[in-house]
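# Examining the three-dimensional arrangement
Residue-level listing of the chains:
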Amino acid sequence: MGLGQDGHEVVVHYRASRRDAESVVSLIRGAGGRAHSVRGDVTVPREVQAMAERILADVGGLDAVVNNVGQFVVKSLDDLTVEEWDAQIASTVSATFYVSRAMLPMLRERGGRIINISDSGADRISARPRTLPYYVGKTGILMLTKTMAVTEAQYGITVNAILPGVLENSEPLLPLTRIPAGRYGRFDDVAAAVRFLIAETSDYISGSFIQVGGGWNL
């Protein structure tokens, strides 16, 4: 919503939740903005490429990509299946790579932005007995962020990551006593960081990680 209010033409991605995506599109359009939806499985490279072609045909190009996806399973290593491991890696770092790579031709033409959503604490290597594949993927996103910040700088593209903490809809929802700021994060908190990184005045900020967690998990 915030990007639509700022005058950006927004493309809302979905894999299976078409109704929810169309609802977001309707809200943006109802507020006077411009929005479209596009379907694709971001863990399948050929579907991601088809998404890029659809966006180019419908919108004409891209100024920014926000990579925000990732399956989250809380399970001990003894109980974790190979399929669950693969799915979490595929939906985090692999999906971020596939989407970023497919959108690069459009972003290079405009000196665009890539904003990757990681996770608070993913910038620290530590034991994750019950969430290992998720954090392997989210930490990999940070490595990808820094690498692309270097390789894409010559095209005027900036690449940064946002590391959200515990949000109001997080599961499991931790006790508020564990959050230094005394409240859970809101979608608006994350959106504010996205809007900051998309702004024209942020064109020299690249390879950065922005914590949006109210002091949690630092």
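Before any of the text, the structure's been laid out above.
Summarised in this report is the structure supplied together with it. Numbers given to residues run from 1 along each chain, matching the order in which its sequence is written. Reporting of local features is limited, given that this is a predicted model, to residues whose pLDDT is at least 70; pairs of side-chain atoms are given and counted only at 80 or more, and all residues count toward the totals for whole chains, interfaces and linings. The side-chain values count all of the structure's non-hydrogen atoms but skip hydrogen atoms and water molecules.

## Re the packing of aromatic side chains
Worth spelling out the cut-off: Centres within 6.5 Å are what make two rings of Phe, Tyr or Trp a pair, Trp counting through its six-membered ring; a difference in plane orientation under 30 degrees is then read as stacked, over 60 as edge-to-face, and the rest as tilted. Per the convention used, a helix needs a DSSP run of H or I reaching at least four residues, while a strand needs a run of E reaching at least two, with both numbered from the N terminus. For every residue, the accessible area (1.4 Å probe, protein chains only) is compared with the maximum for its type, and the residue is labelled buried under 20%, exposed over 50%, or partly exposed between those bounds.
Taken as a whole, this structure holds three aromatic pairs when the rule is applied. Centroid distance Phe 72 to Tyr 134: 4.8 Å. Interplanar angle 75°. Geometry classified as edge-to-face. Here the residue Phe 72 occupies a position in the loop between strand 3 (64-67) and helix 4 (82-110), and Tyr 134 occupies one in helix 5 (residues 132-151), the gap between them amounting to 62 residues. Summarising the aromatic geometry, the rings of Tyr 134 and Tyr 135 are spaced 5.3 Å apart at their centres and angled 90° between planes, so their arrangement reads as edge-to-face. Residue Tyr 135 is classed as buried on the basis of its relative accessible area, which comes to 10%. Every member of this aromatic cluster is reached through a ring pair, and the members are Phe 72, Tyr 134 and Tyr 135.

## A few points about the packing of helix 3 (residues 45-59) against helix 4
Note the following rule: Where helices are involved, their axes are fitted lines through C-alpha atoms of the stretch in contact, as for all axes, and angles between N-to-C directions lie from 0 to 180°. Orientation is classified from the angle alone, with under 35 degrees giving roughly parallel, over 145 giving roughly antiparallel, 65 to 115 giving roughly perpendicular, and any other angle giving oblique. Rotating anticlockwise by less than a right angle from the far helix to the near helix defines a left-handed crossing, while the corresponding clockwise rotation defines a right-handed one. Any two residues whose heavy atoms approach within 4.5 Å are treated as being in contact. Residues are grouped as follows: Ala, Val, Leu, Ile, Met, Phe, Trp, Tyr, Cys and Pro are nonpolar; Asp, Glu, Lys and Arg are charged; every other residue, Gly included, is polar.
At a closest axis distance of 9 Å, the pairing of helix 3 and helix 4 adopts a crossing angle of 30°. Taken together, helix 3 and helix 4 sit at an angle that is classed as roughly parallel. Our pair here, helix 3 against helix 4, has a crossing hand that is right-handed. Along its contact with helix 3, which presents Pro 45, Val 48, Gln 49, Met 51, Ala 52, Ile 55 and Leu 56, the element helix 4 presents Tyr 98, Val 99, Ala 102, Met 103 and Met 106. Looking at side-chain class alone, the contact of helix 3 with helix 4 contains eleven nonpolar, one polar and no charged residues.

As far as function goes, none of this settles anything; it's purely spatial.
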